[in-house]
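# Descriptive analysis of the structure
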Amino acid sequence: MKKIISFLLIFMLLVTGALATTTGDGMTFDSTDDYRTDKVMTELPVTIEAEFKLPAGQTKRGGVIVGNYIKKGVAGLNIEIHTNGNPRIYYLDNTGTVREYKLASVNVCTGEWVHMAVVLKASTSKLYWYINGELVATQSKAYSKVPLNFRDSMVIGGDCRTANADDLFNGSIREVLIYDDIRSAEEIALDATTETIDTNGLIAAYRPALNADGTKPETITDLAGNGYDMKSPSPWATTEVTTNPYAYSMAIVGDQQMLVSGAPLAYSNMIDWIADNKDEKNIQHVFSFGNVATSNAAWNYATADSAMFNLGAKVPYSVMRGYDESAAGFNTSFAAKRHGTDIDGAYDATMLNTYRKFDINGVKYLVINLDWEATTEVLAWASELCSANPDCNVIIATHENVCYTNSANAQSFWNNLIKNHSNINLVLCRDYFSKKVAVTTKTGDKGNTVKMIALPRLSHSNYSLSGLVAMMYFSEDGKNVQFRYYSTAEDKYFMDENQFSVTLDTVTPAAEETSKELSIKLEKDEADNEINVNSTYIVSISEGGTVSTDKLTFNIKLNAPISGKMLVARYTASGVLCGFTSYDAARTMNISIDNPVRGEKVKFMWWNSMTGLIPVTGSKWVQTYVIE
């Protein structure tokens, strides 16, 4: 019976085997031919077998045979050959815990076909490794007690990072079998010497082979018939891409180091394309996501500096540092005095953390560009900007991957900034190793929807020279955004999946409200004999302007003095006092409430200022004001 991943408490295995009687030379894989399943595997692999060939004597990593690992913090599994021909299982459970099991005693880089299998026997918590049908090692390991729920598709000849050529399998693969049950030694020995595939407990089965004309197939069929076919989608959009009418646009360029260093002319052409289309596409802002210099090379910076500076003559832009760049190198090359003309302010005297405000057709924007691994102090600065501009739609842009909250840096961005402000509705960042644009929707603490869009990291892939620009086309009210990922070198759109639309939870500037005159009766309590008054005192409360998201201020004036008493307000959202004051000679006072919530209440009462701010005996909260 198949074991569903979400109901299992432990993970297991890898099995691969060299099938002596399997014919053909199998297939090799690269980042262009990216074979992956259409659907996510819901069964837990318990036995994995593979037949492959790697160059004899190879010491570098052999690469991933089959896997769906994409990044730290996301559940995934890889069956791979590590350095020195050592087989390895590498996986992360749902908590982001990494587990690695390597067979250091075996070298499969022989130049011959090898059948390898690994089985996890849950009852003994052991891994059983087989090479060419023979048991060669048993490992006792501790396994995760957390369910392993995959998020991403399985890939053959690599994993979900196959935009990174370093992780591709650098040999040939001609069979992969994935089972959800424990294969016995006898069954594995038979698998290694016959072409017959046992379908009992079989999740998926693959025999990669070239077409008769020597070309690679579009699909590697799942011989188990469970719908886990491996497909190699075209990197270019196969359907006509159209863009509906829009009012204005913004552009994003991602990791650029390979383009800058490997094809500087193509890089300049990409930036020129943006400048040349400024008027036609009404481009209002350009985001440059950093990583422009390989190893902080000065000449790389010089190329980017020249291109971006020339762009600034036509289109406002912002730059940010990537993780491959030092702060010193970035600050020297992107000096604020040269590149700061399009920003309205910065955290310090550099371009590491900057912001820009602009208004398009009455839609106000605040763009905040944050440094790689921004500190809590920087995030506090950005938070203050958001609070000070409640009528602006805030776009947070950073090289940091903040689409997933598992990493410490992503958690810090979310907890210290993004979730706390109702006007943050769009976050742009850089993902790790994928061809697909990742879109995540989260809900902030104020109930607002935040769209988080991560651009693929393609700087080390075959597509790094394509001059890719991500265009965001906005409707007039800024709510609807059409996302188009376009190659300026190929004049093609990059992948059908990367052409999509999102709806933003935009901020609508509030109309100015007139001041409200509120009459509140503060009557003495009949049971309170300590208040020596003979009549009701009327307090006139004027609320000036709007109720902002940051502060609500009551301007209070007494019609008559009350000797020795203080007026106290309690904000019911927190249950604590939000202000208390005695009146001045003009019988006026002010009470302010930070971060008021509409619908909550403010209650007023008299306190006895003569006895250490103790409520007058028998006093009650005598009046309530509901925040509108």
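Every chain's residues receive numbers from 1 upward, in the order its sequence appears when written. With pLDDT at 70 or above as the cut-off, local features in this predicted model cover only qualifying residues; side-chain atom pairs require 80 or more to be listed or tallied, and sums for whole chains, interfaces and linings still use all residues. For the side-chain quantities, the full set of heavy atoms in the structure was used; hydrogens and water were omitted.

## Describing the overall build of the protein
Here a strand is any run of E in DSSP of at least two residues, a helix any run of H or I of at least four, and the numbering for each starts at the N terminus. Tallying secondary structure elements over the protein gives 9 helices and 37 strands in all. Classification of residues uses two cut-offs on accessible area relative to the type maximum, computed with a 1.4 Å probe and protein chains only: under 20% is buried, over 50% is exposed, and between them is partly exposed. The buried share among the 628 residues of the protein stands at 54%. We call two residues contacting when some pair of their heavy atoms lies within 4.5 Å. Within the protein, contacts between residues at least 6 apart in sequence are counted, and of these 69% link residues at least 24 apart. Computed with a 1.4 Å probe, the accessible areas rest on the Shrake-Rupley method; for each residue, only the protein chains presented here act as cover. As displayed, the protein offers around 25400 Å² of accessible surface, 49% of which is attributable to carbon and sulfur atoms.

## Some thoughts on the packing of aromatic side chains
Between 30 and 60 degrees the pair is tilted, below 30 it is stacked and above 60 it is edge-to-face, where a pair is any two Phe, Tyr or Trp rings, Trp via its six-membered ring, whose centres lie within 6.5 Å. With the rule as written, the count across this model stands at 19 aromatic pairs. Here the aromatic rings of Y248 and Y365 are separated by 6.2 Å at their centres, their planes lie at 75°, and the arrangement is edge-to-face. Of the two residues, Y248 is situated in strand β15 (residues 248-253) and Y365 in strand β20 (residues 363-370); the sequence distance between them amounts to 117 residues. A relative accessible area of 0% means that Y248 is categorised as buried.

## Some thoughts on the packing of helix α3 (residues 264-276) against helix α5 (residues 298-311)
When two helices pack together, you describe them by how their axes are tilted relative to each other and by the distance separating the axes. One way to put it is that α3 packs onto α5 with a least axis distance of 9 Å and a crossing angle of 15°. Relative to α5, α3 is oriented roughly parallel. By crossing handedness, the relation of α3 to α5 is classed as right-handed. Contact with α3, carried on its side by P264, Y267, I271, I274 and A275, involves T303, A304, A307, M308 and L311 of α5 and no other residues of that element. Here the term charged refers only to Asp, Glu, Lys and Arg, the term nonpolar to Ala, Val, Leu, Ile, Met, Phe, Trp, Tyr, Cys and Pro, and the term polar to all other amino acids, Gly among them. Classifying every residue of the contact of α3 with α5 gives 9 nonpolar, 1 polar and no charged. All axes are obtained by fitting lines to C-alpha atoms, using only the stretch in contact for helices, and the reported angles, taken between N-to-C directions, cover 0 to 180 degrees. Orientation is classified from the angle alone, with under 35 degrees giving roughly parallel, over 145 giving roughly antiparallel, 65 to 115 giving roughly perpendicular, and any other angle giving oblique. If you view the pair so one helix is near and one far, a crossing is left-handed when the near helix is turned anticlockwise from the far one by less than a right angle, and right-handed when it is turned clockwise.

## Some thoughts on the sheet that holds β20
Strands pair, by our definition, only if DSSP identifies at least two bridges between them. As summarised here, the arrangement of the 7 strands in space is β18-β19-β20-β21-β22-β24-β23, forming an open sheet in which the pairing is mixed. A single partner strand is all that each edge strand has here, and the edge strands are β18 (345-346) and β23 (438-443). Two strands pair when backbone bridges link them, and strand β19 (residues 354-360) and β20 are joined in this way by 7 bridges, in the antiparallel orientation. In the sheet register, F358 faces β20, and the bridge partner there is Y365. Those strands touched by helix α8 (residues 376-388) are β18, β19, β20, β21 (393-398) and β22 (424-430), and its axis lies near 175° from that of β20.

## Overview of α3
The span one expects for a helix is its residue count, reduced by one, times 1.5 Å. An ideal rise of 1.5 Å per residue puts 18 Å on 13 residues; α3 measures up with 18 Å between its terminal C-alpha atoms. Along α3, the residues that are buried comprise Y267, M270, I271, W273, I274 and A275.

## Some remarks on the environment of F29
By secondary structure assignment, the location of F29 is in the segment before β1 (36-37). Considering only alpha carbons, one finds F29 and S172, 143 residues apart in sequence, at a separation of 7.8 Å.

## Some points on the pattern of salt bridges
A pair is scored as a salt bridge if a Lys or Arg side-chain nitrogen falls within 4 Å of a carboxyl oxygen belonging to Asp or Glu. Overall, the coordinates contain 16 salt bridges when judged by the stated rule. Here R88 ties to E80 by a salt bridge, and the two come within 2.3 Å at their closest N and O atoms. Residue R207 is joined to E195 by a salt bridge in which the shortest nitrogen-to-oxygen separation is 3.9 Å. Taken as a pair, R207 in the loop between β12 (202-206) and β13 (219-220) and E195 in the loop between α1 (185-191) and β12 lie far apart in primary sequence, 12 residues in all. Taking relative accessible area as the criterion, E195 reaches 37% and is therefore assigned partly exposed. Linked through salt bridges whose partners overlap, the residues forming this network are E49, R183, E187, D191 and D198.

## Regarding the side chain of T506
Along the chain, the position of T506 falls in the loop between β28 (500-503) and β29 (516-522). Classification of T506 as buried rests on a relative accessible area of 11%. Contacts described as polar in this section are N or O atom pairs within 3.5 Å, which, within protein, must combine one atom able to donate a hydrogen with one able to accept it, while residues neighboring in sequence count only if both atoms come from side chains. Only 2.9 Å separates the side chain of T506 from the side chain of K479, close enough to count as a polar contact.

## Examining the sheet that holds strand β11 (residues 172-179)
The strand order across the open sheet formed by 6 strands is β9-β8-β7-β2-β11-β12, and the pairing between neighbours is antiparallel. Lying at the two open borders of the sheet, with one neighbouring strand each, are β9 (134-140) and β12. Each neighbouring strand pair of the sheet contributes to a mean axis angle of 15°, computed without reference to strand direction. As paired elements, strand β8 (residues 126-131) and β9 share 6 bridges and run antiparallel to each other. Looking at the pairing, Y128 lines up with T138 of β9.

## Remarks on the nonpolar core
One broad trend across soluble globular proteins is that nonpolar side chains are buried collectively. By nonpolar core is meant a set of buried Ala, Val, Leu, Ile, Met, Phe, Trp, Tyr and Cys residues that side-chain atoms within 4.5 Å join together. Core analysis: the largest hydrophobic core is formed by 41 residues, its most contacted members being F52, I65, I89 and V176. Breaking this core down by element, the ones donating at least two residues are β2 (47-53), β3 (63-67), β4 (76-81), β5 (87-92), β7 (114-121), β8, β11 and β12. Top contributing element to this core by residue count: β7, with 4 residues. Excluding its chain neighbours within four sequence positions, the residues that come into contact with V176 are E49, A50, I65, V66, I156, A204, A205 and Y206.

## Some remarks on the pairing of strand β26 (residues 480-487)
Burial analysis of β26 places 7 of its 8 residues in the buried class, the great majority of the element. Connecting strand β25 (residues 468-474) to the next strand, β26, in antiparallel fashion are 5 residues, including G478 with a positive phi near 80°. As judged from the 2 bridges shared by β26 and strand β27 (residues 492-493), these two strands associate in the antiparallel manner. By the bridge assignment, S487 is partnered in β27 with K492. Here β26 folds back onto β27, and the loop between the two strands holds 4 residues, one of which, D491, carries a positive phi near 55°.

## So, the confidence of the model for the protein
Low pLDDT means the predicted atomic positions in that stretch should not be read closely. Of all residues in the protein, 72% have pLDDT values of 70 or greater, and the mean over the chain is 78. For every residue, the predictor assigns a confidence score, pLDDT, that lies between 0 and 100. Considering only residues more than four positions removed or in separate chains, one finds that residues 511-549, a stretch of pLDDT under 50, has 84 contacts. Confidence drops under pLDDT 50 across residues 609-622; counting only partners more than four residues distant or on other chains, this segment forms 40 contacts.

## Comments concerning the packing of α8 against helix α9 (residues 408-416)
Between α8 and α9, the shortest axis-to-axis distance is 10 Å and the interhelical angle comes to 30°. As judged from the angle between their axes, α8 and α9 are roughly parallel. Of the two elements, α8 crosses α9, and the hand of that crossing is right-handed. Listed contacts from α9 to T376, L379 and S383 of α8 are S412, F413 and N416.

## Quick word on the environment of T42
As for its placement among the helices and strands, T42 is situated in the loop between β1 and β2. You can call T42 partly exposed: its relative accessible area is 42%.

## Details of unusual backbone geometry
Positioned with a positive phi, N282 is a non-glycine residue whose angle comes to about 50°. In this fold, N282 is placed in the loop between α4 (278-281) and β16 (283-288). Classification of N282 by relative accessible area gives partly exposed; the value is 25%. Residue D491 is not a glycine yet carries a positive backbone phi of 55°. One can find D491 in the loop between β26 and β27.

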